[in-house]
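# Secondary and tertiary structure notes
Now for the letters of each chain:
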Amino acid sequence: MDYKKAGVDIEAGYQSVELMKKFVKGTMRPEVMGGIGGFSGAFSAAAFKDMEEPVLLSGTDGVGTKLKLAFLLDKHDTVGIDCVAMCVNDVACAGGEPLFFLDYIACGKNVPEKIATIVSGVAEGCKQSNAALVGGETAEMPGFYPEDEYDLAGFAVGVVDKKDLITGENLQAGDVLIGMASSGVHSNGFSLVRKVFDMTKESLNTYYDELGKTLGEALIAPTKIYVKALRSVKEAGVTVKACSHITGGGFYENVPRMLKDNTKAVIRKDSYEVPAIFRMLATKGEIEEHVMYNTFNMGIGMIVAVNPADVEKTMEAMKAAGETPYVIGEIEEGEKGVTLC
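In this report, the structure presented in the accompanying data block is examined.

Definitions and cut-offs
- Residues numbered from 1 in each chain as written.
- Predicted model: local features only at pLDDT ≥ 70, side-chain atom pairs only at ≥ 80, totals over all residues.
- Heavy atoms only, no water.
- Pairing = 2+ DSSP bridges.
- Helix = DSSP H or I, 4+ residues; strand = E, 2+ residues; numbered from the N terminus.
- Axes fitted to C-alpha atoms, helices over the stretch in contact; angles between N-to-C directions.
- Contact = heavy atoms within 4.5 Å.
- Parallel < 35°, antiparallel > 145°, perpendicular 65-115°, else oblique.
- Left-handed = near helix turned anticlockwise from the far one by under 90°.
- Nonpolar A, V, L, I, M, F, W, Y, C, P; charged D, E, K, R; others polar.

### Let's talk about the sheet that holds strand β6 (residues 150-161)
Taken together, the 4 strands give an open sheet; going across it, the order is β3-β6-β4-β5, and neighbouring strands pair in mixed fashion. Edge positions in the open sheet fall to β3 (54-62) and β5 (132-140), since each of these has one partner strand only. Pairs of neighbouring strands in the sheet enclose a mean axial angle of 15°, with direction left out of account. Direction of pairing for strand β4 (residues 97-107) relative to β5: parallel, over a ladder of 8 bridges. Directly across from Y104, in β5, lies its bridge partner E137. Running at roughly 165° to β4, helix α4 (residues 112-129) makes contact with β4, β5 and β6 of the sheet.

Given below as structure tokens:
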């Protein structure tokens, strides 16, 4: 008896590392010290040595049950983007610049080519956010996961000068809310999605005119990464007063997190067109509107609050970064919370 006969292939682990090296290399930043394969990832503090009062920020998350779609579609090159996005978008919400990222893959059987494909998506997400992929872990766990399934999670570390932290403390009535379009469902609410739609290859490969693609393509679309857009806004000289990443819990849970006491967000539902995938979900699943806005991003992945005088400059900066922004509402005095009208 040996480890391989017990279900863990050490040689496959070595092969996975070799295959993923080319993807990891593309994420390197000057501050990264050492290469892949060490016991820890080293990152020089030179990235923030000139800040007055550097504050480290961190975010951790996984892809959730969206991975079930990847298994069914046998498509593993984009879920890594989701994993990175869920972490770095949270860091960016506080005004931070992501510095580095680490991933964790747990699988029933280590198939080196599949692991490398997953990591290629992680690396792509890191490149989109300018974060270095400094390390990770692939755990082969036979008997715990089915051979053809895996879980994927990770965490990001970023930094911001304390004076640039986005806290919401300077919010005031009249501030304008600008939302950036999502790419679809992103990586939240898939336990409900999987109850609404038939999770079969036939169903997922069905083309819908209203989507302009197959159902599977619409659902597997990777989460938008808003790091560059928020950086562009900052570089345009705009002070973002508050920011919210619209993830699990939709508008009703996430928008209040950006508010200070005695302020409320008023959002106009008709200020942008809700993407077809959400209309399909609501209709086919007979899901009431409040539940939709309490579960999904409904087409808006990130919301910022800015001074009215900065609206045009903010919109232009977001567009320059490749995003689609909408003026979706404003801040009013009142009990802390969100009103959708």
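### With respect to the packing of helix α3 (residues 79-93) against α4
Their axes nearest at 6 Å, the elements α3 and α4 cross at an angle of 40°. Here α3 is positioned oblique relative to α4, judged by the angle of their axes. Note on packing geometry: the crossing formed by α3 with α4 is right-handed. Contacts between α3 and α4 involve G80, I81, V84 and V88 on the former and, on the latter, I118, G121, V122, E124, G125, C126, Q128 and S129. Each residue belonging to the contact of α3 with α4 can be placed in one class, and the counts come to 6 nonpolar, 5 polar and 1 charged.

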